[in-house]
Amino acid sequence: MVNPAEANDELLAHSAQHGRPPQTYAAHVAGGQGVTWRAWRNAEKAGRYSERFGARLLRAVRLGGEFHDLGKLDPYNQQVLNKANSREPLPVKHWDAGAAALFHHAPIRDAAAAVAVYAHHKGLPNREEEGKRIELAYREEDIPQGRTEKTCAFNDVRLEKFLDRHKEAIATMPLPSVPAGSMGNHLPPLFHRLALSCLVDADHTDTAVHRTGREAPDGLSLRATERLAALRTYVGRLGTGNAADSRTSLRQLVFDESVRASTTPKLLFCDSPVGTGKTTAVMAHLLRAAEDKRLRRIFVVLPFTNIITQSSRVYRCALTLRGEKARDVVAEHHHRAEFPEGEDDRDSPARQYAALWHAPIVVVTAVQFFETLAAASTVGLRKFHQLPGSAIFIDEAHAALPAKLWPQAFRWLRQLVGDWGCHCVLASGSLPEFWQMKEFIDVKMPVILPPLLPDSCRYQASREEGSRVQIRMEPDPLTLDGLTTALSDLPGPRLLVVNTVQNAAVIAEHLKDASGQASVEHMSTALTPEDRAKTYDRILGRLRDRRDEQWTRVATSCVEAGVDFDFASGLRERASLMSLLQLSGRVNRHGLRGRGPLLDFILAPHPLFNRHPAFEQSALVLGELFREAKVDAKYCREALQRELDRADIKPFLDRLKMEENALSFATVEDLFRVISAQTFTAVVKPELIDRLSSFQPVPFRELQDGSVQLWLGKEREFALPEFPHLRGVYRWNLEGGYDPFLGVMKGVLPLLKAAKFGLDVL
């Protein structure tokens, strides 16, 4: 490479691409809608909720925004940026110069800002590993082609020149003043994640606006008082419509007590049994808290994607105000799928698919929510700054996380409510009070969570629960034919839940072949969100028709919690006590049938069945509890403790806590996996495949609704083609295809039968 001239008439931040003009360095960094101002506004909105860290956040983000692209002034980088439609990556890692300035230039010195700049493309590293590099910590040692000096050495010698050119470029552009502050000895990991989130979102947003010429509208405001009034009206109408429902008065009591509950505690729990209206009751409490504490957003965190669809429908009906669009009020975020944004322009089309949590009410999977708290990568953290000042509803908390991840997740929740102005309710009808277990107890800071509901209300709800369902255990393993016989002996309609997507598909196909399509409904994450929603609507219609009884719904655990279904009987492949109790909430839900039977069973071996390793220990514990006559909600904590003792997870708990305290961001991100295997997106809807294949834009919601998530590695096993402009997004093209009944298992089952290999789908 020929060394270009040190000077350049026009300093650029982005090259001309696809008919769009280049973006100047000054406009990107310091323009009125540039990165510094955008990052400042992100930090201002988040920091106002933290008396302890707000000012430090504002300073770090303000400085990080101004100097994040200082290295783009390098003449090698400018040479590439001045080439229109260039596909070349920048030759010099441009974050190094900004990090050097913020570490060493006295007037702007700020270590937190320097770390954010260093990480704004790479992600947050492990502090200990950086510390071993001594003076080169958070610096770049590579030697660009055509030079003899390391990037860091080149920047150190020319840092004053870069700063002068930077100052000259933005001289006419006013910027927010830099808050006073010191380097600080220690800032907690969540602080660094928030600072990086503010900066990355500003950088990516400004780049996307320049590339598209379109500024995304701001999200709607929460308007908590008005939405609470709308929710009261909605719940009142439900009570009138269900006047004959014996449980209506209990649901109304739970709702009223939730509204009356004190909002002074920041972290509470709600253990009201299934079917008592927690979806609306806890939302009412959170709106009250938002009123009292001037919160800006509500997050509803759910374990399964189909619950998101149902809950979002309820909230949209109940909380949308006149003149608003329901989808702007309540945002659904199903997929883990997020798309990287790097130096390579190949990634830029994927930016439209980022779900950024802008809505006043965000309904999101536990995977998305908690892995965001643990993230080190820029794509995972981009939306994190939306969390401070939010009310958080962890619904079906028993199923939100693997047990081994809850201690660290609980520490993060305590930090959000303690340092960042959040208000949080943990809820489940089978909630183990895990914060009282030895793995959670911190003798220096004992945790006491008050209940959301008064004891009188909790007692009444628990008493009514005992007369609704009859749980029993099938003593012998069931074959496919034995399962069919057991189903015929139970009153219909029946709900059958098994532990894997593969088992559900095999059983659903068997029942269909034996008794016809009308005899079975199938739902799992082998289906797209769009087809799950259609199946959900069809099932609701069938349940309302009391003449339509002789059919079975076959599903995975995605239906056992939070779904408003009322079946006459249920069957559950053995898993955990909490799973079994949750499924009981879908059997005789309204208490109108006497005591509905619920059968726990084990599947006999079969060539097409597979096992879910996550349920092995919990299933053994549940067998013990049946023998000891302890199948009851009051034994949930004991069941969880037995599972933890069997798994011997203390080394993992200790390591995760140690790595988080050590600011080992990359390691924590790897350790804290709600779903242990990585996944990819497989698009199955033909119309979407055609549009993506012809490089047409597809809104995030459409992509989400027309695709499924599969384990990483299956794209190679099935030779699925990747869309050339979207990393991690593949076209489903198995010969058997996809249908709305079996989903992607329509294409997989023939392969299973032929070759006897398995596929796990989320």
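For the rest of this paragraph, the subject is the sheet that holds strand β6 (residues 361-365). Here 6 strands make up an open sheet; going across it, the order is β3-β8-β7-β4-β6-β5 and the pairing parallel. In this open sheet, the two edge strands, each paired with only one partner strand, are β3 (267-270) and β5 (330-333). Adjacent strand axes in the sheet meet at a mean angle of 15° when their direction is disregarded. The pairing of strand β7 (residues 390-394) with strand β8 (residues 423-427) spans 4 bridges and is parallel.

How two helices sit against one another is set out by the angle between their axes and by the gap between those axes. It is at 8 Å that the axes of helix α11 (residues 248-260) and helix α12 (residues 278-293) come closest, and there the two elements cross at 15°. In terms of orientation, α11 and α12 fall into the roughly parallel class. When you trace α11 past α12, the crossing you get is right-handed. Between α11 and α12, the contacting residues are V254, F255, S258, V259 and R260 on the first element and T280, A281, A284, H285 and R288 on the second. Partitioned by chemical class, the residues of the contact of α11 with α12 number 5 nonpolar, 3 polar and 2 charged.

Take the pairing of strand β16 (residues 707-711) next. Side-chain direction in a regular strand flips from residue to residue, so the side chains alternate between the two faces of the sheet. The buried fraction of β16 amounts to 5 of the 5 residues, a majority that puts the element mostly inside the structure. The pairing of strand β15 (residues 679-683) with β16 spans 5 bridges and is classified as antiparallel. Considered in β16, the bridge of T679 is made with W711.

Our next topic: the packing of aromatic side chains. All chains considered together, the criterion is met by 20 aromatic pairs. Look at F299 and W357: their rings are 5.0 Å apart centre to centre, the planes differ by 70°, and that puts the pair in the edge-to-face class. Pair noted here: F299 is in strand β4 (residues 297-302) and W357 is in the loop between β5 and β6, with a separation of 58 residues, a long-range link. By relative accessible area, which is 3% here, W357 ends up buried. Among the aromatic side chains, those forming a connected cluster through ring pairs are F269, F299, W357, F369, F370, W406, F410, F434 and W435. A cation over a ring is seen here: R147 above Y76, with NZ or CZ 4.0 Å from the ring centre.

It is worth spelling out the packing of helix α22 (residues 577-584) against helix α24 (residues 636-647) at this point. The geometry of α22 relative to α24 is characterised by a closest axis approach of 9 Å and an angle of 145° between their N-to-C directions. Residue-level contacts link L577, M578 and L581 of α22 to C636, A639 and L640 of α24. Looking at the contact of α22 with α24 residue by residue, the classes come out as 6 nonpolar, no polar and no charged.

Before going further, it helps to examine helix α23 (residues 616-627). Here α23 spans 17 Å end to end across 12 residues, near enough to the 16 Å set by a 1.5 Å rise per residue. Within α23 the residues assigned to the buried category are S618, A619, V621, L622, G623, E624, L625 and F626. Where the residues of α23 are buried, they touch β9 (469-473), α22, β14 (596-601) and α24. Once α23 finishes, A629 follows within two positions and takes phi at roughly 55°, a positive value.

In this section: the confidence of the model for the chain. Looking at the chain, the pLDDT average stands at 88 and 91% of residues meet or exceed 70. Counted against residues more than four places away or in other chains, residues 341-354, with its pLDDT under 50, gives 44 contacts.

The strands making up a sheet are joined through hydrogen bonds of the backbone, oriented either antiparallel or parallel. Strand order in the open sheet made by the 3 strands is β16-β15-β17, with mixed pairing throughout. Single-partner strands in this sheet number two, and they are β16 and β17 (729-731). Taken pair by pair, the neighbouring strands of this sheet meet at an average axis angle of 40°, ignoring direction. As paired elements, β15 and β17 share 3 bridges and run parallel to each other. Its bridge partner lying in β17, A682 is registered against Y730.

Now for the pattern of salt bridges. One pass over the structure, following the stated rule, counts 50 salt bridges. Measuring nitrogen to oxygen at the nearest pair gives 3.1 Å for the salt bridge that ties D201 to R382. Taken together, the positions of D201 in helix α9 (residues 189-212) and R382 in the loop between α16 (378-381) and β7 put the pair 181 residues apart, joining distant regions of the chain. Overall, R382 belongs to the buried group, its relative accessible area being 7%. Residues R642 and E638 are paired through a salt bridge, measuring 2.5 Å at the closest nitrogen-oxygen approach.

Reading the values: rules and limits
- In this convention, every chain numbers its residues from 1, walking through the sequence in written order.
- Per-residue local features are limited, in this predicted model, to residues with pLDDT of at least 70; the limit for side-chain atom pairs, both in listing and counting, is 80 or more; totals at the level of whole chains, interfaces and linings are taken over all residues.
- Hydrogens and water molecules were not included; the side-chain quantities draw on all heavy atoms of the structure.
- Any two strands with at least two DSSP-identified bridges between them are counted as paired.
- Put simply, DSSP marks the helices as runs of H or I at least four residues long and the strands as runs of E at least two long, and each gets a number from the N terminus on.
- Axis definition: a line fit to C-alpha positions, over the contact stretch in the case of helices; interaxial angles, taken between N-to-C directions, run 0 to 180 degrees.
- Here the angle decides the label: under 35 degrees means roughly parallel, over 145 means roughly antiparallel, 65 to 115 means roughly perpendicular, and every other value means oblique.
- Should the near helix be turned anticlockwise from the far one by less than a right angle, the crossing is left-handed, and should it be turned clockwise, the crossing is right-handed.
- Only heavy atoms matter for contacts: two residues are in contact if any of them lie within 4.5 Å across the pair.
- Gly is put with the polar residues, along with every residue not named as nonpolar or charged; the nonpolar set is Ala, Val, Leu, Ile, Met, Phe, Trp, Tyr, Cys and Pro, and the charged set is Asp, Glu, Lys and Arg.
- Throughout this description, buried means an accessible area under 20% of the type-specific maximum (1.4 Å probe, protein chains only), exposed means over 50%, and partly exposed covers the range between.
- Any two rings among Phe, Tyr and Trp, with Trp reduced to its six-membered ring, count as a pair given centres within 6.5 Å; such a pair is stacked if its planes are under 30 degrees apart, edge-to-face if over 60, and tilted if neither.
- Geometrically, a charge over a ring is one whose NZ (Lys) or CZ (Arg) sits within 6 Å of the ring centre while staying within 35 degrees of the ring normal.
- What a helix should span is 1.5 Å times the count of its residues minus one.
- One confidence number per residue, pLDDT, is output by the predictor and ranges from 0 to 100.
- Note on definitions: salt bridges are taken to be side-chain nitrogens of Lys or Arg within 4 Å of carboxyl oxygens of Asp or Glu.

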